Amino acid sequence: MSNQLQCLIFDVDGTLANTERDGHRVAFNRGFQAAGLDWHWSVDLYAELLTVSGGKERLKYFLRQYLPEFKPDGELNDFVAHLHQLKTKYYLELLRDGAIGLRPGAKRLIEEARVAGITLAIATTTSLPNVIELLEKYLDLDWFAVIAAGDIVPAKKPAPDIYHYVIKRLELDPDRVIVLEDSDNGLESAIAAGLTTVVTVNSYTEQQDFSQAALVVSDLGEPEQPCRVIQGNFAGNYLDIAGLRSMIEINSRVLH
Ligand code: XBP
Ligand code: MG
């Protein structure tokens with residue numbers, strides 16, 4: 001029974017890149033404008049809307065909460081799907097224009113994992129085209145054994161479906177996996193799938209409850225740009241494979 005780290009599963013939005021405030025939120029607003037709607041999601045309002053995973057689900061939540069009288073032409077689901085396609089078009093444009101870069105340490109840790117022969121996977125609520133665009137721009141799609149995104153599972157985070165999907169597809173031992181996440185929804189999803197989780201916070205999530213995380217840091221850090229430890233025992237300045245390996249080995253001694 002090995003206790004060696006086998007796989008890193010990365011969340012995307014807020015973890016690989018800070019995509020929400022200046023990416024998805026801006027794309028939603030551009031989509032509203034293009035659709036002739038006078039809606040605007042401010043930075044503050046978006047903090048509330050982000051409690052709902054999934055752009056389509058977030059739009060429906062917004063209508064229920066703020067525009068209960070709104071009646072689209074035709075079916076609500078069709079209206080939301082069309083508006084979300086419009087938003088995705090603008091979001092992809094933002095990514096292509098380089099508006100959103102990777103967070104500190106993301107590329108470094110992924111490259112270290114490859115050299116160490118550790119399997120890499122993606123588990124995200126965002127739509128697949130968004131993930132492909134980001135990975136193709138800054139990393140390499142082939143580095144990831146599985147890219148699980150958006151509607152591939154029936155229930156989005158905080159449900160564990162997307163992590164169960166990755167574990168099943170790669171036949172992983174959950175005790176030898178570490179998840180990198182940024183939000184309470186993401187942490188809840190990974191924990192429900194029985195996975196050790198490291199959280200890298202951002203301005204939208206730093207006040208959330210991460211008590212079940214193995215470690216909470218400001219970001220993954222770089223040798224010349226140390227991360228800040230917010231919760232958990234970690235003496236290093238940046239997360240590397242050695243540090244994550246010891247996390248799994250300590251856990252396995254505690255668990256068995
Ligand atoms: C974050 C989400 C996504 C994005 C928007 O995903 O909840 O819904 O906010 O993307 P994760 P879509 O943190 O799991 O990467 O509009 O394509 O859903
Ligand atoms: Mg996220």
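Attention here is on the structure that accompanies the text.

Rules and cut-offs
Residues numbered from 1 in each chain as written. Chains lettered and ligands numbered in written order. Predicted model: local features only at pLDDT ≥ 70, side-chain atom pairs only at ≥ 80, totals over all residues. Heavy atoms only, no water. Helix = DSSP H or I, 4+ residues; strand = E, 2+ residues; numbered from the N terminus. Buried < 20%, exposed > 50% of the residue type's maximum accessible area, 1.4 Å probe, protein only. Contact = heavy atoms within 4.5 Å. Areas by Shrake-Rupley, 256 points an atom, 1.4 Å probe, with all protein chains shown as cover. Lys, Arg positive; Asp, Glu negative; His and termini not counted. Charge placed at Lys NZ, Arg CZ, Asp CG, Glu CD. Donors = N, O, S within 2.8 Å, 3.2 Å for Na, K, Ca; no water. Pairing = 2+ DSSP bridges. Near = heavy atom within 4 Å. Polar contact = N/O pair within 3.5 Å; in protein donor to acceptor, adjacent residues only side chain to side chain. 1 Å grid on protein atoms, 1.4 Å probe; cavity = no way out; pocket = protein on both sides within 12 Å on 5 of 7 lines; lining within 4 Å. Sits in = over half its atoms within 2 Å of the grid points. Points joined across faces, edges and corners; volume = space filled by probe spheres on them. Nonpolar A, V, L, I, M, F, W, Y, C, P; charged D, E, K, R; others polar. Core = buried A, V, L, I, M, F, W, Y, C linked by side-chain atoms within 4.5 Å.

Looking now at the overall build of the protein chain. From N to C terminus, the protein chain includes 9 helices and 7 strands. Classification of the 256 residues of the protein chain by burial places 53% in the buried group. Put simply, 64% of the contacts in the protein chain that link residues at least 6 apart link residues at least 24 apart. Per element, the accessible surface of the protein chain, about 11800 Å² overall, is 48% carbon and sulfur. Mean positive and mean negative side-chain charge positions of the protein chain (24 and 36 charges, respectively) differ by 2 Å.

In this section: the coordination of the magnesium ion (ligand 2). Those protein atoms acting as donors to the magnesium ion (ligand 2) are D11 (OD), D13 (O) and D182 (OD), and they sit at 2.1 to 2.3 Å. Each donor residue of the magnesium ion (ligand 2) lies on the same chain, and together they follow the pattern D-x1-D-x168-D. Residue D13 is found in the loop between β1 (7–10) and α1 (20–34), and its partner D182 is found in the loop between β4 (177–181) and α8 (184–192); the two are separated by 169 residues along the sequence. We classify D13 as buried; its relative accessible area is 9%.

This part is about the pairing of strand β5 (residues 196–200). The buried count for β5 comes to 5 of 5 residues, which makes it a mostly enclosed element. The alternating pattern of β5 places T196, V198 and T200 and T197 and V199 on opposite faces, both of which are buried. Strand direction decides the pairing type here: β4 and β5, joined by 4 bridges, are parallel. Across the sheet, the residue bridging to L180 is V198, located in β5.

By nearness alone, 18 residues border ligand 1, and E20, G55, H84, T124 and S127 come closest of all. Here an oxygen atom of ligand 1 and a side-chain polar atom of T124 are 2.6 Å apart. N130 has a polar side-chain atom sitting 3.2 Å from an oxygen atom of ligand 1. Judged by the fraction of its atoms near the pocket grid, ligand 1 is located in the largest pocket.

The calculated volume of the largest pocket comes to roughly 680 Å³. Around the largest pocket sit 46 residues that line it, and D13, E20, H24, L50 and R58 are the ones nearest its centre. Every element with two or more residues in the lining of the largest pocket is listed here: α1, α2 (43–49), α3 (55–66), α4 (76–96), α6 (128–138), β3 (146–149) and α8. Split into classes, the residues belonging to the lining of the largest pocket amount to 9 nonpolar, 22 polar and 15 charged. As a volume, the second largest pocket reaches approximately 180 Å³. The residue inventory of the lining of the second largest pocket, partitioned by class, reads 4 nonpolar, 4 polar and no charged.

Turning our attention to unusual backbone geometry. Omega for the peptide link from K157 to P158 comes to 15 degrees, which places this bond in the cis form. Mapped onto the elements, P158 comes out in the loop between β3 and α7 (161–170). Phi at E171 is positive, roughly 50 degrees, even though this residue is not glycine. Summarising the element assignment, E171 is placed in the loop between α7 and β4.

Bringing the environment of D182 into the picture now. On the accessibility criterion, D182 (7% relative accessible area) is buried. Placed 22 residues apart in sequence, D182 and Y204 show a C-alpha to C-alpha distance of 9.2 Å. With sequence-adjacent residues up to four places away left out, D182 is seen in contact with D11, D13, G14, T15, V199, T200, V201, N202, T205 and F210. A polar contact of 2.9 Å, which involves the side chain of D182, links it to the side chain of N202.

A separate point is the nonpolar core. The biggest cluster of nonpolar side chains holds 59 residues, and the ones touching the most others in it are L8 and F10. Ranked by residue count, the leading element in this core is α4, at 8 residues. Contact partners of F10, with chain neighbours within four places excluded, come to L16, L109, I110, L120, A121, I122, A123, L180 and L220. A121, I162, I167 and V177 belong to the second-largest nonpolar core, a separate cluster that totals 17 residues.

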